[in-house]
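Understanding the architecture of this molecule
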Amino acid sequence: MNCHPVRIILLGAATALYPIALFAQSDTMPPPTSNTTPNLPSQNRSPVQESTGMSSDPVDAIKDKMFLRKAASGGLAEVQLGQLATQKGGAQDVKDFGQTMVTDHTELNGEMAPIADSLGVMLPKKLTKEDQAEYEKLNGMSGDDFDKEYVSFMVKDHHQDLREFRTEAADTSDAALKNAADRGVKVIYAHMTMIDKMAREKGISTPGRNGGKPATPPTP
């Protein structure tokens with residue numbers, strides 16, 4: 001009996017099925033293991049810090065530092081403008097008020113400095129653009145014109161400063177800064193009372209006089 005045709009048929013069938021078997025085997029194999037390390041999110045940083053690049057300081061600490069820088073900048077302006085008032089003021093009460101600014105704000109700035117240092121805050125050494133512009137404006141005046149401009153600026157400045165010092169005294173959790181801010185409230189309120197009275201005497205408007213609510217005195 002001749003079996004060659006049967007062998008040829010079986011060999012051809014096996015050859016035809018071999019690719020199918022290989023494909024089925026490769027389809028069930030697991031994917032290769034990657035040697036790359038997945039990107040992990042940064043640790044110990046909030047989403048806000050990731051997106052803005054902000055420091056890791058708590059929000060309250062950042063507010064304290066901002067207040068210290070602004071308070072020091074304002075105090076520096078009070079001293080330099082006060083010195084100008086002692087030289088160029090027309091009326092004696094303006095000269096006296098200017099000297100009070102120099103004395104009190106030099107002392108207040110001195111109290112703030114070690115607190116700023118303990119918090120790593122670099123305090124400004126020169127006037128802001130706004131305060132420098134006001135200084136130059138006043139420096140070009142004298143007599144009654146100087147008095148009106150200086151008093152008007154001091155009224156606006158002290159009402160704003162009082163709000164900021166009161167907010168900081170109420171919000172900060174730093175004991176030393178709270179004590180300094182509380183003292184600042186009392187000093188600035190006394191200055192504001194003096195300059196508001198002077199303004200009314202010179203016919204210059206003040207916030208309380210124009211329908212605004214007058215600032216309440218600080219707690220003793």
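One structure accompanies this document, and this report is about it. Values in this document were obtained by computation on a predicted structure and should not be read as measured data.

**Some thoughts on the packing of aromatic side chains**
- Taken as a whole, this structure holds three aromatic pairs when the rule is applied.
- Arranged with centres 5.0 Å apart and planes meeting at 75°, the rings of F67 and F165 form a pair that is edge-to-face. With F67 in helix α3 (residues 59-88) and F165 in helix α6 (residues 143-171), this residue pair connects regions lying 98 residues apart in the sequence.
- Look at F67 and you get buried, because its relative accessible area is 8%.
- Residue classification places F165 among the buried positions, given a relative accessible area of 6%.
- Here the aromatic residues F97, F146 and Y150 are joined through ring pairs into a cluster of three or more.

**What to know about the pattern of salt bridges**
- Counting across every chain of the model gives nine salt bridges.
- Here D93 ties to K202 by a salt bridge, and the two come within 3.7 Å at their closest N and O atoms. In this pair, D93 is assigned in helix α4 (residues 92-118) and K202 in the segment after α7 (175-201), connecting sequence segments 109 residues apart.
- Using a relative accessible area of 27% as the deciding quantity, one classes K202 as partly exposed.
- Within the structure, one salt-bridge network assembled from shared partners comprises E107, E111 and R183.

The rules behind the values
Residues numbered from 1 in each chain as written. Predicted model: local features only at pLDDT ≥ 70, side-chain atom pairs only at ≥ 80, totals over all residues. Heavy atoms only, no water. Phe/Tyr/Trp six-rings, centres within 6.5 Å; stacked < 30°, edge-to-face > 60°. Helix = DSSP H or I, 4+ residues; strand = E, 2+ residues; numbered from the N terminus. Buried < 20%, exposed > 50% of the residue type's maximum accessible area, 1.4 Å probe, protein only. Salt bridge = Lys/Arg side-chain N within 4 Å of Asp/Glu carboxyl O.

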